[in-house]
Amino acid sequence: MSINNYLTIKDMPTEERPREKMVKYGSETLSTAELLALILRTGSQKNTALDLANKLLTTCEGINCLVEYSIEELQEIKGIGLAKATQLKAVAELAKRLNIARRDLTKINSPGEVAEILIPKIGYAHQEKFIVVLLDIKNQIIGISEISKGSLNSSIVHPREVFRYAIKKSGASMILAHNHPSGDLTPSLEDVDVTKRLFKVGKLVGIDVLDHLIIGKGKYNSLKSKNLF
């Protein structure tokens, strides 16, 4: 046991240590709990980091809490202090950014592919966020930008801000998106009005608005598929 009386991964048998298993067999062979244990590094006086990782997964019913929970909420889990909570949030943020980076310059063939990118980015947010996904002439993503925060309305989402970004990046078309923290993905009248307004401006400046997605926790809704603009 380490000198601070906290059980660490080093206190585990060599063949059971996640780090050694990763080096020998590859990261894909590790369980989610083992990967989390490598991030947590230490456990408590009675539990190893692996025990703590399993407890975290059980309490949160999976790893979505790394995105959903605030630092303060993570700290409510016994054994997770400020240092561990910030480490976990940092990993969640890196995962979101990696997911977005992997999709850059990837051709988009359906609204579902865009939703896959945006669900981890805004699907679990507690505040509404309006996003523009910018595409080139080949429907490849060339940029993703958060335009505004707060309830969607025409005063917050101004065409000038939306199309300034698109013109600066030489975009050919765009997909709009925002999240509904309530989980209800039914488009509001304001959602539809904002979409129609941006669609008309897009036609004038030559940058097509292809769709507007409402993003939730693991799901999405497409205004285009409902013929709402």
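These numbers were taken from a predicted model, which means no experiment stands behind them. (Residues numbered from 1 in each chain as written. Predicted model: local features only at pLDDT ≥ 70, side-chain atom pairs only at ≥ 80, totals over all residues. Heavy atoms only, no water.)

Draft legend 1. Highlighting the overall build of the protein chain. In terms of helices and strands, the protein chain carries nine helices and five strands. If you list the helices and strands of the protein chain from N to C, you get α-α-α-α-α-α-α-β-β-α-β-α-β-β. Classification of the 229 residues of the protein chain by burial places 41% in the buried group. Long-range pairs, those at least 24 residues apart, make up 58% of the contacts in the protein chain between residues at least 6 apart in sequence. Carbon together with sulfur atoms contributes 52% to the accessible area of the protein chain, which is approximately 12,500 Å² in total. (Helix = DSSP H or I, 4+ residues; strand = E, 2+ residues; numbered from the N terminus. Buried < 20%, exposed > 50% of the residue type's maximum accessible area, 1.4 Å probe, protein only. Contact = heavy atoms within 4.5 Å. Areas by Shrake-Rupley, 256 points an atom, 1.4 Å probe, with all protein chains shown as cover.)

Draft legend 2. Representation of the pairing of strand β1 (residues 129-135) in the model. Among the seven residues that make up β1, six are buried, leaving the element largely enclosed by the rest of the structure. As paired strands, β1 and strand β2 (residues 141-149) are joined by seven bridges and run antiparallel to one another. By the bridge assignment, Ile131 is partnered in β2 with Glu146. The antiparallel hairpin formed by β1 and β2 contains five residues in its connecting segment, where Asn139 sits at a positive phi of about 65°. Here six bridges tie β1 to strand β3 (residues 173-179), and the two strands are oriented antiparallel to one another. From the neighbouring strand, Leu134 faces β3, where its bridge partner is Met174. (Pairing = 2+ DSSP bridges.)

Draft legend 3. The environment of Lys84, seen in detail. Tracing the chain through its elements places Lys84 in helix α6 (residues 82-103). When its relative accessible area of 11% is taken as the criterion, Lys84 is described as buried. For Lys84, the residues in contact, after removing those within four places along its chain, are Leu40, Thr42, Gly43, Leu52 and Gly79.

Draft legend 4. Looking closely at the packing of aromatic side chains. Considering all chains together, one arrives at one aromatic pair under this definition. Between Phe199 and Phe229, the aromatic rings sit 5.4 Å apart at their centres with planes inclined by 65°, giving edge-to-face as the arrangement. Of this pair, Phe199 sits in helix α9 (residues 189-205) while Phe229 sits in the segment after β5 (220-222), and the two are 30 residues apart along the sequence. Over the ring of Phe229 we find Lys224; its NZ or CZ atom is 5.0 Å from the centre of that ring. (Phe/Tyr/Trp six-rings, centres within 6.5 Å; stacked < 30°, edge-to-face > 60°. Lys NZ or Arg CZ within 6 Å of the ring centre and 35° of its normal.)

Draft legend 5. Unusual backbone geometry, seen in detail. The phi dihedral of Glu61 falls on the positive side, at around 60°, and the residue is not glycine. With respect to the secondary-structure elements, Glu61 resides in the loop between α3 (49-60) and α4 (65-68). Relative accessible area serves as the criterion here: at 75%, Glu61 is assigned to the exposed category. With phi around 55°, Asn227 is a residue other than glycine that occupies positive phi space. Within the secondary structure, Asn227 sits in the segment after β5. Look at Asn227 and you get exposed, because its relative accessible area is 68%.

Draft legend 6. Quick look at the packing of helix α8 (residues 159-168) against α9. Where α8 contacts α9, the two axes come as close as 11 Å, and the packing angle between them is 45°. Here α9 runs oblique to α8, going by the angle between their axes. Our pair here, α8 against α9, has a crossing hand that is right-handed. Facing α8, whose interface residues are Pro159, Val162 and Phe163, α9 presents Arg197, Leu198, Val201, Gly202 and Val205. Of the residues contributing to the contact of α8 with α9, the split by class is six nonpolar, one polar and one charged. (Axes fitted to C-alpha atoms, helices over the stretch in contact; angles between N-to-C directions. Parallel < 35°, antiparallel > 145°, perpendicular 65-115°, else oblique. Left-handed = near helix turned anticlockwise from the far one by under 90°. Nonpolar A, V, L, I, M, F, W, Y, C, P; charged D, E, K, R; others polar.)

Draft legend 7. View of the nonpolar core. Counting 19 residues, the largest nonpolar core has Leu36, Leu40, Leu56, Leu66, Leu74, Ile80 and Leu88 as its most contacted members. Mapped by element, the contributors of at least two residues to this core are α2 (32-40), α3, α4 and α6. With seven residues, the single largest contributor to this core is α3. Non-local contacts of Leu66, meaning those with residues more than four positions away in its chain, are made with Leu36, Leu56, Leu88, Lys89 and Ala92. In this structure, Ile117, Leu118, Tyr124 and Ala177 belong to the second largest nonpolar core, which totals 16 residues. (Core = buried A, V, L, I, M, F, W, Y, C linked by side-chain atoms within 4.5 Å.)

Draft legend 8. Molecular detail of α2. Inspection of α2 places Ala33, Glu34, Leu36, Ala37 and Leu40 among the buried residues, and these make up the whole buried set. Seen along its axis, α2 keeps its buried residues to an arc of 160°; they face one direction. A positive phi of about 70° marks Arg41, the residue just after α2. (Arc of directions from axis to C-beta.)

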